[in-house]
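Given next are the chains, with one letter for each unit.
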Amino acid sequence: MNQYTFKELNLAPALYRAVEKEGYEVPTPIQIAAIPPLMEGRDVIGCAQTGTGKTAAFALPILHKIATDRPRPSAKSATVLVLTPTRELAAQVGDSFKKYGKLLNLRHSLVFGGVGQWPQVQSLIRGVDVLVATPGRLLDLMKQGHLNLSGVKYFVLDEADRMLDMGFMPDIRKVIAALPDKKQSLLFSATISREIRDIAGKLLKDPVSIEVERTSMTASNIEEKVFFVNDSDKHALLSDILKDPEISRALVFTRT
């Protein structure tokens, strides 16, 4: 079904070499669907989960346009702004931009809470090509005059549904209001609710809509179980499960 290679996507040579060096040959479905319209300058709304390759789906075309146009970042601003719900995801997205754009000699910065702000402030003084941020710290730095969004040419709102779940939508609206009118915008979410569509309507102009389901298969030798419990009982249930002598190893996943 997948007939494309990264070479056929006509990425800038420096990007193709970086992708090739990482050992990637065949793009994922969301990359095939998203990269061409993004390279054409279209806004995109994408319904895709983590694990589908969506970070490369927006990082590669944005880096391609930077490699082609070479815009200079404005002081205390950024050419690319990616907004993520958590600092862990911000770090992952930042690493992806560095990995794919390592031959482009770009300036990157991460902005998130939970750590001192001074190194982040210093990194923004001359402006950066790529800024990956969480909403709270981003707005804090803007209020203090350390950052403005006037130079943003490419804006990505990543995992919008998690932003909604974590109560960030008022902050998202403030960020969108501070962005320049002329920009290319992308919104990615695992689910598209009415409120997500409302945000998309305010942010995106004539967007291309992309929906990609993650294909997942459970190996035949794996047994799956699900427990339906009230929120107040989750900790007790987890404790009981981990005390089971048949469980020798466990991974516990949490939202935050």
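Check the entry above for the structure.
The structure reproduced in this document is the subject of the present report. Being a predicted model, the structure only gives us computed values, none of them experimental.

A few words now on the packing of helix H3 (residues 54-69) against helix H4 (residues 87-100). Axis separation between H3 and H4 bottoms out at 10 Å; the angle between their running directions is 45°. With respect to H4, the axis of H3 lies oblique. The handedness of the crossing between H3 and H4 is right-handed. Counting all contacts with H3, which are made through Thr55, Ala56, Phe58, Ala59, Leu60, Ile62 and Leu63, the residues of H4 involved are Val93, Ser96, Phe97 and Tyr100.

Looking now at the pairing of strand S3 (residues 108-111). Covered by surrounding structure in S3 are Ser109 and Val111 only, the residues His108 and Leu110 on the alternate face being uncovered. Examined bridge by bridge, S3 and strand S4 (residues 128-133) share 4 bridges and lie parallel to one another. The residue bridging Val111 from the neighbouring strand is Ala133, located in S4.

Quick look at the sheet that holds S3 now. Spatially, S3-S4-S2-S5-S6-S1-S7 is the arrangement adopted by the 7 strands of the open sheet, whose pairing is parallel. Each edge of the sheet is formed by a strand with only one pairing partner; in this case those strands are S3 and strand S7 (208-211). Going across the sheet, the axis of each strand differs from the next one's by a mean of 15°, ignoring polarity. Across 4 bridges, strand S5 (residues 154-157) lies against strand S6 (residues 184-189) in parallel orientation.

Attention shifts here to the pairing of S5. On S5, burial covers both faces: Tyr154 and Val156 on one face and Phe155 and Leu157 on the other are all buried. In terms of strand pairing, strand S2 (residues 78-83) meets S5 through 4 bridges, oriented parallel. Residue pairing across strands places Val80 opposite Tyr154, the latter belonging to S5.

Looking now at the nonpolar core. Soluble globular proteins: nonpolar side chains tend toward being buried together. If you look at the biggest cluster of nonpolar residues, it comprises 41 residues, and the most contacted ones within it are Leu11, Phe58, Leu60, Ile62, Val80, Val82 and Phe97. When near neighbours in sequence (up to four residues on either side) are disregarded, Leu60 contacts Phe6, Leu11, Leu15, Val19, Ile35 and Tyr100. In terms of nonpolar packing, the next biggest core, distinct from the first, is built from 33 residues, Leu138, Leu149, Phe155 and Ala160 among them.

Further remarks concern unusual backbone geometry. For Lys76, which is not a glycine, the phi torsion comes out positive at approximately 55°. Residue Lys76 is classed as partly exposed on the basis of its relative accessible area of 35%. Even without being glycine, Glu159 reaches a positive phi, approximately 55°. As for its position among the elements, Glu159 is in the loop between S5 and helix H7 (160-165).

Summed over the entire model, instances satisfying the criterion amount to 2 aromatic pairs. With 6.2 Å between their ring centres and 40° between their planes, Phe58 and Phe97 make a pair best called tilted. Of this pair, Phe58 sits in helix H3 while Phe97 sits in helix H4, and the two are 39 residues apart along the sequence. A single burial state applies to Phe58 and to Phe97, both of which are buried. Ring plane angle 40° and centroid distance 5.5 Å describe the contact between Phe58 and Phe188, whose orientation is recorded as tilted. Placement of the pair is Phe58 in helix H3 and Phe188 in strand S6, with a sequence separation of 130 residues. As far as the burial class goes, Phe58 and Phe188 line up, both buried. The rings of Phe58, Phe97 and Phe188 are connected pair by pair, giving a single aromatic cluster.

We now examine the environment of Leu9. With respect to the helices and strands, the residue Leu9 is situated in the segment before helix H1 (13-21). For the pair formed by Leu9 and Glu246, sequence separation is 237 residues and the distance between their alpha carbons is 49 Å. Excluding residues that lie within four positions of it along the chain, Leu9 makes contacts with Tyr4, Pro27, Ile35, Pro36 and Met39.

What follows concerns the pattern of salt bridges. Side chains that differ in sign of charge can pair as their charged atoms come close. Summed over the entire model, instances satisfying the criterion amount to 9 salt bridges. One salt bridge in this structure joins Arg42 and Asp206, with 3.6 Å as the shortest N-O distance. Here Arg42 is found in the loop between helix H2 (29-39) and strand S1 (44-47), whereas its partner Asp206 is found in the loop between helix H9 (194-203) and S7, with 164 residues between them in sequence. Note on Arg42: relative accessible area 31%, which makes it partly exposed. The exposed category is assigned to Asp206, whose relative accessible area is 60%. Residues joined by salt bridges that share partners form a network here, namely Lys54, Asp158, Glu159 and Arg162.

Thresholds applied
Residues numbered from 1 in each chain as written. Predicted model: local features only at pLDDT ≥ 70, side-chain atom pairs only at ≥ 80, totals over all residues. Heavy atoms only, no water. Axes fitted to C-alpha atoms, helices over the stretch in contact; angles between N-to-C directions. Helix = DSSP H or I, 4+ residues; strand = E, 2+ residues; numbered from the N terminus. Parallel < 35°, antiparallel > 145°, perpendicular 65-115°, else oblique. Left-handed = near helix turned anticlockwise from the far one by under 90°. Contact = heavy atoms within 4.5 Å. Buried < 20%, exposed > 50% of the residue type's maximum accessible area, 1.4 Å probe, protein only. Pairing = 2+ DSSP bridges. Core = buried A, V, L, I, M, F, W, Y, C linked by side-chain atoms within 4.5 Å. Phe/Tyr/Trp six-rings, centres within 6.5 Å; stacked < 30°, edge-to-face > 60°. Salt bridge = Lys/Arg side-chain N within 4 Å of Asp/Glu carboxyl O.

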